[in-house]
Every structure is written in structure tokens, then in C-alpha cells.
Amino acid sequence: MPIPNIIAIDGPAASGKSTLGRRLADSLGYLFFDTGVMYRAVTWGALLRGLQIGDEIVVTYLAETAQIDVRPPSKDDGRACDVLLDGVDITWETRRTDVEASVSPVSAYSGVRQALASQQRRIGLRGRVVMVGRDIGTVVLPEAGLKIYLDASAEERARRRYEEILQRGGQADYAKILAGVRNRDEIDSTRAFSPLRAAEDAIILDSDKLNADEVFAKVEALCR
Ligand code: CDP
């Protein structure tokens, strides 16, 4: 079987999708594209401009008109990619806790999703891509040759996010992170437009039972 030209990885917050996706893209020489950063960029733009997150019309207008660029990392400071909003580097702003608290409501707006998903699809259809998100296998690139749905318990995912923040030198509260993860899961999986779910033809992996190396080895074997 040839290596799939388009690989979709979906799953809930902090399930290890980006770690897996980046590693897989590196090993195949493919583009790694993490679609979550686009939703985070729109959310940061809305907060920066003082927009009401609950105002669907203005937030959608922002998603339709903002210039979001995702580029290979220009700095060696732990970033996976550069995220630019209207030419300004906002990579670390997209990881802020206020962005994290508002990103799921923003992502639930159908117009926001249409604006971002059409850009993602255009990039994905060029091929040789590993695209990571919530709706890649179901909506953005249903023709993907390999679809992975990476899951893990909320407790384990919160623990990983907690460690990640500490490793970056930040301060974190495990209970708050767990509550945030659960809240995002709830909004992401119950929204009306492209909710988080596994595609029917996705391979479901539980990363509670597999460490990062084991997940990677399994998916790489599926590719080759
Ligand atoms: O890294 P983490 O898994 O915590 O989140 P992310 O992948 O950066 O995504 C942040 C948020 O963007 C998610 O909680 C979803 O609300 C939204 N998202 C989405 O709706 N669809 C995508 N394809 C990617 C992200």
C-alpha cells in the first residue's frame, strides 16, 4: 500500500495529536498543519480588539477578514510553528489561558468554521500533509487516506497539559486545567456544526494505554 497522501488526526484537547502529527510529518517529509492554531488566532484577535465573544456576527467577520498565517518556526523557543495575525507574531498569545477559555465558543460558530475550514481544505488538498484538529477526517478532508482518532481520559490529558506548562516555566493549577479540558470537550463534541467525533473509517487509538512512542510506532506502521 502506498503511503497515504493525506493523513488526518483528530481527537479531544491534549490527547497528543500535535506530538504525533509533528513526528509523523517529520518522518514522512510531509507538511504538519495544526488547525487548532487558526481557531486560537481568531480568538486572540477577538480578545485583543475587545470584541464580545458571544457576538457571532462580529467574531465571524473577524474570521472572514483576518489574515492568519501559519509558518515553520522562526525561533528556537519551543514553538511548533509561527502563528501570525495580520502580520504580527502571536504564537505565544494563542496559548494564553484567556484564549483557551474562549476558543471553544468561537469555534462553534458556523461562519468561523466555514472561513477557516475552506483555507485548511485548500492547503490539505495539495497533499503530503498531516493535518490535526477536531473535524479533519469528518469535514475538512474526508478523502484522507488515513484517519486517526486519538483519545485519552480527561484526567490524563489534563495531567499532560499541566506538565507541559510547568516545563515551559509557567504556573499551573491541575484542577483548573481539568475543568477547562472537560468544558472544551463538552462544547466541542456537542456543537451543531462539525462536532468532535471519530470518522466512521477512523482508527481509534487510546493514548491512556499507549505512550507517545507506542502511538507513533503504531501509526507509522499503518502508513508504511
Ligand atoms: O492543543 P489542544 O488540543 O488543547 O487544542 P487545539 O487543537 O489547539 O484546539 C483549540 C480549540 O480549537 C479546540 O478546543 C476546538 O474548540 C477548536 N478546534 C476546532 O473546533 N476544530 C479544529 N479542527 C481544531 C480546533
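Notes on the structure in this doc start here. (Residues numbered from 1 in each chain as written. Predicted model: local features only at pLDDT ≥ 70, side-chain atom pairs only at ≥ 80, totals over all residues. Heavy atoms only, no water.)

## Some details on the overall build of the chain
Reasoning step 1: A tally of regular secondary structure across the chain gives nine helices and eight strands.
Reasoning step 2: Taken across its 224 residues, the chain has 48% of its residues classed as buried.
Reasoning step 3: Within the chain, contacts between residues at least 6 apart in sequence are counted, and of these 69% link residues at least 24 apart.
Reasoning step 4: As displayed, the chain offers around 10900 Å² of accessible surface, 51% of which is attributable to carbon and sulfur atoms. (Helix = DSSP H or I, 4+ residues; strand = E, 2+ residues; numbered from the N terminus. Buried < 20%, exposed > 50% of the residue type's maximum accessible area, 1.4 Å probe, protein only. Contact = heavy atoms within 4.5 Å. Areas by Shrake-Rupley, 256 points an atom, 1.4 Å probe, with all protein chains shown as cover.)

## Looking at the site of the ligand
Reasoning step 1: As a structural note, the neighbourhood of the ligand is formed by 19 residues, with Arg40, Arg113, Arg161, Arg184 and Asp188 the closest of them.
Reasoning step 2: Separating an oxygen atom of the ligand from a side-chain N or O atom of Lys17 is a distance of 3.0 Å.
Reasoning step 3: At a separation of 2.8 Å, an oxygen atom of the ligand approaches a polar side-chain atom of Arg191.
Reasoning step 4: Protein contacts shield 99% of the accessible area of the ligand, which totals 530 Å² for the unbound molecule. (Near = heavy atom within 4 Å. Polar contact = N/O pair within 3.5 Å; in protein donor to acceptor, adjacent residues only side chain to side chain.)

## Focus: the packing of helix α3 (residues 56-65) against helix α5 (residues 110-124)
Reasoning step 1: Where α3 contacts α5, the two axes come as close as 8 Å, and the packing angle between them is 5°. Taken together, the axis directions place α3 and α5 in an arrangement best described as roughly parallel. For the pair α3 and α5, the contacting residues are Glu56, Val59, Thr60, Ala63 and Glu64 in the first and Ser110, Gly111, Val112, Ala115 and Leu116 in the second. (Axes fitted to C-alpha atoms, helices over the stretch in contact; angles between N-to-C directions. Parallel < 35°, antiparallel > 145°, perpendicular 65-115°, else oblique.)

## Examining the packing of aromatic side chains
Reasoning step 1: Using the criterion set out here, one finds one aromatic pair in the structure.
Reasoning step 2: Between Tyr162 and Tyr174 the ring centres are 6.3 Å apart and the planes differ by 85°, which places this aromatic pair in the edge-to-face class. In this pair, Tyr162 is assigned in helix α7 (residues 154-167) and Tyr174 in helix α8 (residues 174-190), connecting sequence segments twelve residues apart.
Reasoning step 3: Tyr162 sits in the partly exposed class, given a relative accessible area of 24%. (Phe/Tyr/Trp six-rings, centres within 6.5 Å; stacked < 30°, edge-to-face > 60°.)

## Considerations on the sheet that holds strand β5 (residues 88-89)
Reasoning step 1: If you walk across this open sheet you meet the three strands as β3-β4-β5, and the pairing is antiparallel. The open sheet has two edge strands, β3 (68-71) and β5, and neither has a second partner.
Reasoning step 2: Bridge count for β3 against strand β4 (residues 82-85) is four bridges, and the pairing is antiparallel. Counted as the bridge partner of Asp69 is Leu84 from β4.
Reasoning step 3: Here helix α2 (residues 36-48) sits on the sheet and contacts β3 and β4; the angle it forms with β3, its principal contact strand, is near 135°. (Pairing = 2+ DSSP bridges.)

## Some remarks on the pattern of salt bridges
Reasoning step 1: On inspection of all chains with the given rule, the structure shows 22 salt bridges.
Reasoning step 2: Linking Arg113 and Asp135 is a salt bridge whose minimum nitrogen-to-oxygen distance equals 2.8 Å. Taken together, the positions of Arg113 in helix α5 and Asp135 in the loop between β6 (129-133) and α6 (136-140) put the pair 22 residues apart, joining distant regions of the chain.
Reasoning step 3: The salt bridge partner of Glu164 is Arg161, with a shortest N-O separation of 3.4 Å. One end of the pair, Glu164, and the other, Arg161, are both in helix α7, three residues apart, so they sit about a helical turn from each other.
Reasoning step 4: Residue classification places Glu164 among the partly exposed positions, given a relative accessible area of 32%.
Reasoning step 5: A single salt-bridge network, built from bridges that share partners, covers Arg40, Glu100, Arg161, Glu164 and Arg184. (Salt bridge = Lys/Arg side-chain N within 4 Å of Asp/Glu carboxyl O.)

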